[in-house]
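# Observations on the model geometry
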Amino acid sequence: MNDFSQTHYDIRLEWGVQAAEADCVVIIDVMSFSTCVSIATERGGIIFPYPWKDARAQDYAAEKNAQCAQFDRRFEGPGFTLSPCSLQEMPAGTRLVLPSPNGSSLTFSAIKSGADIYTACFRNLSATARACEKYSRILVVPAGEKWPDNSLRPAIEDLAAAGGLISRLKHRRLSLEARAACAVYETMDRQELRQCGSALELQRRGFAADVELCLQQDLSHSACKLTDQAFFAALPV
């Protein structure tokens, strides 16, 4: 235990998985890794997270008998990308490696903890909360983004979605950090997130439709659980 572990609480929140003494870790990367995983798995896709956008990802895809997502978002053309819109027509059974420097990287780090791992977004907050009810110790990790120097840029959309998940588990013992995330979610109009930095960046690049998908709430009835290095749709029991 250390000063940052929040171990006296059932539900904890931290910007990183270093404090992962937990039975369950939920990684939240709203724009866009977690939203992509939710859309794809709901359609029967199998998503392999991978942290590096280079030739290693293509080698990993070959190892997993999977496709590798294109490294850059694009408006049109074949293949899948880290754009949620590109995944809306994914055929069931598609095996896809999805490189991401935020959500995927955190997933890889969390595997070392031995905890069950989920990824969540606004689309499946209630389903994820129901899936997490069975766990005694839950660590919620808003992913954030990266500044150009690769340092963490805390992302308000991830904090708000983390608060949305935690607010559905409020009957549990919440750390102060978890309660603060709840306050963000409960006092913010979700549509205001169209004006957050991550959303403005996507809109400037022409991906306003992605932003709208990322802000949809509770449309999915399945959680996204990591099993054998891939995310699958998991219906809460």
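Look up a bit, the structure's there.
In this report, we go over the structure that sits alongside the text. Model, not experiment: these values are computed from the prediction. (Residues numbered from 1 in each chain as written. Predicted model: local features only at pLDDT ≥ 70, side-chain atom pairs only at ≥ 80, totals over all residues. Heavy atoms only, no water.)

### Some remarks on the pairing of strand S2 (residues 24–28)
Burial within S2 is extensive, with five of its five residues counted as buried. Alternating residues of S2 divide into Cys24, Val26 and Ile28 and Val25 and Ile27, and every residue in both groups is buried. Here S2 pairs with strand S6 (residues 116–120) via five bridges, running parallel. Along S6, the bridge assignment pairs Cys24 with Asp116. (Buried < 20%, exposed > 50% of the residue type's maximum accessible area, 1.4 Å probe, protein only. Helix = DSSP H or I, 4+ residues; strand = E, 2+ residues; numbered from the N terminus. Pairing = 2+ DSSP bridges.)

### What about the layout of surface pockets?
Over the atoms a probe the size of a water molecule is rolled, and this reveals where empty space is left. Size it by volume and the largest pocket reaches roughly 470 Å³. Around the largest pocket, the lining comprises 21 residues; the ones closest to its centre are Lys53, Leu82, Pro101, Asn102 and Glu145. Looking at the lining of the largest pocket, the elements that each hand over two or more residues are strand S8 (145–146) and helix H7 (197–204). Considering each element in turn, the lining of the largest pocket owes the most residues, three residues, to H7. Considering only residue class, the lining of the largest pocket consists of six nonpolar, six polar and nine charged. (1 Å grid on protein atoms, 1.4 Å probe; cavity = no way out; pocket = protein on both sides within 12 Å on 5 of 7 lines; lining within 4 Å. Points joined across faces, edges and corners; volume = space filled by probe spheres on them. Nonpolar A, V, L, I, M, F, W, Y, C, P; charged D, E, K, R; others polar.)

### Let's talk about the side chain of Arg172
Its location among the elements puts Arg172 in the loop between helix H5 (156–167) and helix H6 (176–187). There is a polar contact of 3.5 Å between the side chain of Arg172 and the backbone oxygen of Glu133. In this structure the side chain of Arg172 is engaged in a polar contact, spanning 3.2 Å, whose partner is the backbone oxygen of Ser136. Among all residues touching Arg172, those that are not within four sequence positions of it are Asp10, Ile11, Cys132, Glu133, Tyr135, Ser136 and Ile138. (Polar contact = N/O pair within 3.5 Å; in protein donor to acceptor, adjacent residues only side chain to side chain. Contact = heavy atoms within 4.5 Å.)

### Here's the deal with the nonpolar core
Within the largest apolar cluster, 39 residues are counted, with the highest numbers of intra-cluster contacts made by Val26, Ile28, Met31, Phe122, Ile138, Val140 and Ile166. It is H5 that contributes the most residues to this core, six residues altogether. Residue contacts for Phe122: discarding those within four places in its chain leaves Val30, Glu157, Ala160, Ala161, Tyr185, Arg190, Leu193, Cys214, Leu215, Gln216, Gln217 and Asp218. (Core = buried A, V, L, I, M, F, W, Y, C linked by side-chain atoms within 4.5 Å.)

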